[in-house]
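Okay, here's what each chain looks like letter by letter:
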Amino acid sequence: MFELKYHTPFEWTHKVMEDFVTFLQDHAAAEKKASGMAMSMLGHYPDRTKLVKAMADLAIEEMIHFKQVLKLINERGLALGNDKQDPYIKKMRGLFRQGSDEFLIDRLLVAAVIEARGHERFSLVAEALPEGKDKDFYVAIAKSEEKHKNLFVELGYEYFDKAVINARLEEILIAEAQICESIPFSAALH
């Protein structure tokens, strides 16, 4: 439906593979936060029936992903780890505008771009992993993230003029590329 403006170099996966446990802990935190974001959105917009249903489904799916990542962590005999503030997410949230319609548009489109970034990076992780269950898991997660990116744009089209959504999406994609370029690579999703 849309393409990211910044393409993560495959070299990013070297940081991930060097410290895969830290990456798993960060991934678990990201899934947990994504579920919380979906619950927050349906709580803020109870009158938007399609959004409520979509966010309820998404919250459940993200928690299932969280449990799957937690299982990978536990299988390694490790703990979940502390949540850390994600500089990428903080900067992306800084793109939110004021005004009820503008704020909802931005929440939807920022979420779409974050999911697109997740799709791209989980695909890179899947490519870097050796054959086996971890690789299969990340292939499946990447596909899921791709569906989510489209879901948020489709919700935008449901509630707002398509031209408005497309114009704002382009602005957010440009800003997101600059954000990605400003953050050094680490064993984290963003």
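In the block above lies the structure referred to throughout.
Residues numbered from 1 in each chain as written. Predicted model: local features only at pLDDT ≥ 70, side-chain atom pairs only at ≥ 80, totals over all residues. Heavy atoms only, no water.

Draft legend 1. Representation of the packing of helix H2 (residues 20-44) against helix H6 (residues 133-159) in the model. Viewed as axis vectors pointing N to C, H2 and H6 meet at an angle of 30°, and their least axial separation amounts to 14 Å. With respect to their mutual orientation, H2 and H6 come out roughly parallel. Helix-helix and strand crossings are classified by hand; for H2 and H6 the assignment is left-handed. In contact with Phe20, Phe23, Leu24, His27, Glu31, Met37 and Met41 of H2, H6 contributes Asp134, Phe137, Tyr138, Ile141, Glu145 and Phe152. Among the residues making up the contact of H2 with H6, the classes are represented as nine nonpolar, one polar and three charged. (Axes fitted to C-alpha atoms, helices over the stretch in contact; angles between N-to-C directions. Helix = DSSP H or I, 4+ residues; strand = E, 2+ residues; numbered from the N terminus. Parallel < 35°, antiparallel > 145°, perpendicular 65-115°, else oblique. Left-handed = near helix turned anticlockwise from the far one by under 90°. Contact = heavy atoms within 4.5 Å. Nonpolar A, V, L, I, M, F, W, Y, C, P; charged D, E, K, R; others polar.)

Draft legend 2. Expanded view of the nonpolar core. Grouped together as the largest cluster of nonpolar side chains are 39 residues, with contacts concentrated most on Phe2, Leu51, Met55, Tyr88, Met92, Val113 and Phe152. Where this core is concerned, the elements lending two or more residues are H2, helix H3 (49-75), helix H4 (87-93), helix H5 (100-128), H6 and helix H7 (162-182). Counting residues per element, this core draws most heavily on H5, at 10 residues. In contact with Phe2, other than residues within four places in its own chain, are Ala112, Val113, Ala116, Lys149, Val153, Leu169 and Leu173. With 20 residues, the next largest nonpolar core counts Trp12, Phe23, Ile73 and Ala142 among its residues. (Core = buried A, V, L, I, M, F, W, Y, C linked by side-chain atoms within 4.5 Å. Buried < 20%, exposed > 50% of the residue type's maximum accessible area, 1.4 Å probe, protein only.)

Draft legend 3. Looking closely at H3. Helix length check: H3, at 27 residues, gives a terminal C-alpha distance of 39 Å against a target of 39 Å (1.5 Å per residue), a fit within 8%. Those residues of H3 that fall on the buried side of the exposure criterion are Leu51, Ala54, Met55, Leu58, Ala59, Glu62, His65, Phe66, Val69, Leu72 and Ile73. Among the structural elements, H2, H5 and H6 are those in contact with the buried residues of H3. With its phi angle positive at about 75°, Gly77 sits one or two positions after the end of H3. (Expected span 1.5 Å × (residues − 1).)

Draft legend 4. Region of the structure containing empty space enclosed by the protein. This model, assessed by the stated rule, comprises one cavity of 30 Å³ or more. For the largest cavity, the calculated volume is near 50 Å³. Forming the boundary of the largest cavity are Tyr88, Arg121, Cys180, Ile183, Pro184, Phe185 and His190. For the lining of the largest cavity, a count of residues per class yields five nonpolar, one polar and one charged. (1 Å grid on protein atoms, 1.4 Å probe; cavity = no way out; pocket = protein on both sides within 12 Å on 5 of 7 lines; lining within 4 Å. Points joined across faces, edges and corners; volume = space filled by probe spheres on them.)

Draft legend 5. View of the layout of surface pockets. Taken as a whole, the largest pocket encloses approximately 580 Å³ of empty space. Counting residues per element, the ones that place at least two in the lining of the largest pocket are H2, H4 and H5. Per-element accounting of the lining of the largest pocket gives the leading share, nine residues, to H2. Of the residues assigned to the lining of the largest pocket, the class counts are 12 nonpolar, four polar and 11 charged. Put simply, the second largest pocket is a space of about 300 Å³. Lining the second largest pocket are 17 residues; nearest its centre among them are Thr22, Asp26, Lys84, Ala187 and Ala188. Broken down by element, the lining of the second largest pocket gets its largest block of residues, five residues, from H2. Its residues placed into classes, the lining of the second largest pocket shows five nonpolar, seven polar and five charged.

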